[in-house]
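Report on the structure
Here's the letter readout for the chains.
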Amino acid sequence: MAWDGYPARKWAGYPAEFWIGMGAYVVTALLAGRALTTMELEPHSRLVIGLLPLIPLLVMGRGLVRMIRHQDELYKRIQFEAVAYAAVIVIVVSLTLGVLEEFDVVPHVNSMWAGQVLVFAWGIAAGILTRRYR
Amino acid sequence: MNNKLRDLREAKGWSQQELGDRLKVSRQTIIAIEKGKYDPSLPLAFSIARLFSRRIEDVFLPER
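Just so you know, these numbers come straight off a predicted model, no measurement behind them.

Let's shift gears to the interface of chain B and chain A. Contacts between chain B and chain A engage 16 residues on the former and 14 residues on the latter. Both faces considered, chain B and chain A share a buried interface measuring about 1300 Å² in area, 45% of it formed by carbon and sulfur atoms. Contact with chain A buries surface across chain B, with Gln 28, Lys 37 and Tyr 38 of chain B losing the most and accounting together for 49% of the total. Across the chain B-chain A interface, the total number found is 0 salt bridges. Scanning the region where chain B abuts chain A turns up 6 residue pairs in polar contact (both at pLDDT 80 or more). Only α2 (16-23) and α3 (27-34) of chain B provide two or more residues apiece to the side of chain B that touches chain A. Looking at which element gives the most residues to the side of chain B that touches chain A, the answer is α3 of chain B, with 5 residues. Of the residues in the side of chain B that touches chain A, the class split is 6 nonpolar, 5 polar and 5 charged.

Under the counting rule described, the total for this entry stands at 3 aromatic pairs over all chains. Arranged with centres 5.2 Å apart and planes meeting at 90°, the rings of Phe 18 of chain A and Trp 19 of chain A form a pair that is edge-to-face. Each ring, one from Tyr 133 of chain A and one from Tyr 38 of chain B, has its centre 6.2 Å from the other, and the planes form 90°; the classification is edge-to-face. Of this pair, Tyr 133 of chain A sits in the segment after α5 (113-132) while Tyr 38 of chain B sits in the loop between α3 and α4 (42-51), each in a different chain. Judged by relative accessible area, which is 5%, Tyr 38 of chain B ranks as buried.

Turning next to the environment of Arg 27 of chain B. With respect to the helices, strands and loops of the structure, Arg 27 of chain B is situated in helix α3. Linking Arg 27 of chain B and Gln 17 of chain B, residues 10 residues apart in sequence, is a C-alpha distance of 4.9 Å.

Our next topic: the environment of Pro 40 of chain B. Within the secondary structure, Pro 40 of chain B sits in the loop between α3 and α4. In contact with Pro 40 of chain B, not counting residues within four places along its chain, are Glu 73 of chain A together with Met 1, Ile 33, Ala 45 and Phe 60 of chain B.

Let us now look at the environment of Trp 19 of chain A. Residue position: Trp 19 of chain A is located in helix α1 (residues 16-38). Taking C-alpha positions, Trp 19 of chain A is 8.4 Å from Gly 63 of chain A, a pair spaced 44 residues apart along the chain.

Conventions we followed
- Residues numbered from 1 in each chain as written.
- Chains lettered and ligands numbered in written order.
- Predicted model: local features only at pLDDT ≥ 70, side-chain atom pairs only at ≥ 80, totals over all residues.
- Heavy atoms only, no water.
- Contact = heavy atoms within 4.5 Å.
- Buried area = accessible area lost by both parts, 1.4 Å probe.
- Salt bridge = Lys/Arg side-chain N within 4 Å of Asp/Glu carboxyl O.
- Polar contact = N/O pair within 3.5 Å; in protein donor to acceptor, adjacent residues only side chain to side chain.
- Helix = DSSP H or I, 4+ residues; strand = E, 2+ residues; numbered from the N terminus.
- Nonpolar A, V, L, I, M, F, W, Y, C, P; charged D, E, K, R; others polar.
- Phe/Tyr/Trp six-rings, centres within 6.5 Å; stacked < 30°, edge-to-face > 60°.
- Buried < 20%, exposed > 50% of the residue type's maximum accessible area, 1.4 Å probe, protein only.

Okay, here's the thing in structure tokens:
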């Protein structure tokens, strides 16, 4: 694995709650999507069901933060810089896209892309920064 | 910041991994410090100096 033996507290991968959260998110997102498309529901019920996947997402996020918190200082610095780069990319792209959408230059797109771009950019930036410190 | 970590480590006959284990940091952190690509935090710098029974200024030298 490219992590070269770090973090200091022997690399054990993401904590269990991260994987549990991810698995639960997939299940709840699928079930919520199915319920919202096939069932006749009151507006408030649709809102509650639509927000259900948020719970496992928060569990996943907690796992990720806990993992980073327990790593050594260089790893934390790499992750911090990587998140900063990813945030800048998402802010620039979302603001640009927002302006273009506002003036009907481009069609409206679902904002779910923002999270995916953030995670993708974070991963790429972390990989590049890890090489920089070698 | 320059440092003498590599010389001190090699004088002890320790690998980078072994030094990392003793300091509770990763091997990559040791590599980055030795190459001068990463300046450790003050607590880690003190831990390094203490491990080699040196003063911190004997291990880490400001760039001139």
